[in-house]
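# Understanding the architecture of this molecule
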Amino acid sequence: MPTPKLKYRRVLLKLSGEALMGSGNYGIDPAVLEYLAGEIKGLVTAGVQTGIVIGAGNISRGASLADQGMARVTGDHIGMLATVINSLALQDTLERHGLSTRLMSALAINAVCEEYQQRRAIRHLQHGRVVIFSAGTGNPLFTTDSAASLRAIEIDADLMIKATKVDGVYSADPMLDANAARYTHLDYDRVLAKRLAVMDATAVVLCRDHHMHLRVLDMNQEGALLAAVRGEAVGTLIDGNQ
């Protein structure tokens, strides 16, 4: 089989924690992990250097815990640790699919993770290893979207992919508004001006100021990740040009 022509050679994939629940309302669905591993293996087999950041909404959100009375910093640290749980589960699944994987943490948890170090992460990628970045930025008050933007910039990714449960960015919530229109192309300033629900403002500004291309797509669309690295028009592309 011929190797697919790639537009992007190094990507940062942002996965939502909620997506790992599958049809459940909490935790991790092994079938979702198996599906994701197959899609990620397709990237690696095609020659794409792949980094991953996973959220923790399937287990815990710092902001939600704060709303219930917990100190925000404590809640955020719980959320960071929850991303490590998700990352360990994905690492195990990827390795069972034959992929060499490294799990790096912004918090020192040396028994199960390497401590994050930018140069080491890039070396892992250059050697064909999938690198999973866990524990967010290591600091409270920052989302995993911001962590994904930061890591994408640090590893000099060609593209950041946000894999969600919808097929791109809409003018309104398509589940609530039948007239919501899907955008195929946006620039970051328009995302900020219209307050579109793509990522938090910090993550958007990081991508804008560092000229990071972002594609938002449906993780459940088989082959979407490979289509994205080929430069095909899947989901919504966000960059500095409109």
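Here we summarise the structure given alongside this text. Quick caveat: nothing in here was measured; it's all calculated off a predicted structure. (Residues numbered from 1 in each chain as written. Predicted model: local features only at pLDDT ≥ 70, side-chain atom pairs only at ≥ 80, totals over all residues. Heavy atoms only, no water.)

## Details of the nonpolar core
- Of all hydrophobic cores here, the largest spans 41 residues; its most connected members are I40, I52, L90 and L94.
- Among the secondary structure elements, those contributing two or more residues to this core are β1 (10-15), α1 (30-45), β2 (49-54), α3 (72-96), β5 (130-134), β6 (159-164) and α8 (224-229).
- If one sorts the elements of this core by residue count, α1 sits on top with seven residues.
- With near-sequence residues (within four places) excluded, L90 lies in contact with L15, L33, I40, I52, I54 and I132. (Core = buried A, V, L, I, M, F, W, Y, C linked by side-chain atoms within 4.5 Å. Buried < 20%, exposed > 50% of the residue type's maximum accessible area, 1.4 Å probe, protein only. Helix = DSSP H or I, 4+ residues; strand = E, 2+ residues; numbered from the N terminus. Contact = heavy atoms within 4.5 Å.)

## Let's talk about the packing of α1 against α3
- Closest axis-to-axis distance for the α1/α3 pair is 9 Å, and the angle between their directions is 60°. Here α3 runs oblique to α1, going by the angle between their axes. Here α1 runs over α3; the crossing is right-handed. Contacts between α1 and α3 pair L33, E34, A37 and I40 from the former with A89, L90, T93, L94 and R96 from the latter.
- Its residues assigned to classes, the contact of α1 with α3 shows six nonpolar, one polar and two charged. (Axes fitted to C-alpha atoms, helices over the stretch in contact; angles between N-to-C directions. Parallel < 35°, antiparallel > 145°, perpendicular 65-115°, else oblique. Left-handed = near helix turned anticlockwise from the far one by under 90°. Nonpolar A, V, L, I, M, F, W, Y, C, P; charged D, E, K, R; others polar.)

## Re the pattern of salt bridges
- The full count for this structure, using the stated rule, is eleven salt bridges.
- Among the salt bridges present, the one from R96 reaches E34, with a minimum N-O distance of 3.0 Å. Taken together, the residues R96 in helix α3 and E34 in helix α1 connect sequence positions 62 residues apart.
- Since its relative accessible area comes to 53%, R96 is described here as exposed.
- Given a relative accessible area of 33%, E34 falls into the partly exposed group.
- We note a salt bridge from D92 to R96, for which the minimum N-O separation is 3.0 Å. Here R96 and D92 lie together in helix α3, a separation of four residues that amounts to about one turn.
- Overall, D92 belongs to the partly exposed group, its relative accessible area being 41%. (Salt bridge = Lys/Arg side-chain N within 4 Å of Asp/Glu carboxyl O.)

## Observations concerning helix α4 (residues 118-126)
- Restricting attention to buried positions, one finds in α4 the residues A121, I122, H124 and L125. End-on view of α4: buried residues confined to an arc of 155°, all on one side of the axis. Set apart from the buried face of α4 by more than 90 degrees, the exposed residues are R119 and Q126.
- In this structure, the buried residues of α4 make contact with β1, β2, β3 (101-105), β4 (114-115), β5 and α5 (144-154).
- Of the residues flanking the end of α4, it is G128, one or two places downstream, whose phi is positive at about 85°. (Arc of directions from axis to C-beta.)

## Digging into the pairing of β2
- Taken across its six residues, β2 has five buried, putting it largely inside the fold.
- Bridge count for β1 against β2 is six bridges, and the pairing is parallel. Paired with L15 across the bridge in β2 is I54.
- Read as a crossover between parallel neighbours, the route from β1 over α1 to β2 is right-handed.
- Across three bridges, the pairing between β2 and β5 is parallel. Note that in β5 the partner of G51 across the bridge is V131. (Pairing = 2+ DSSP bridges. Right-handed = clockwise from strand over helix to strand, strands pointing away.)

## Here we look at the sheet that holds β6
- One open sheet holds the nine strands; their spatial order is β4-β3-β5-β2-β1-β6-β10-β11-β9, and the pairing between them is mixed. In this open sheet, the two strands that pair with only one neighbour each are β4 and β9 (185-187).
- Of the pairings in the sheet, the one linking β3 to β4 comprises two bridges and is parallel in character. What sits directly across from S105, in β4, is E115.

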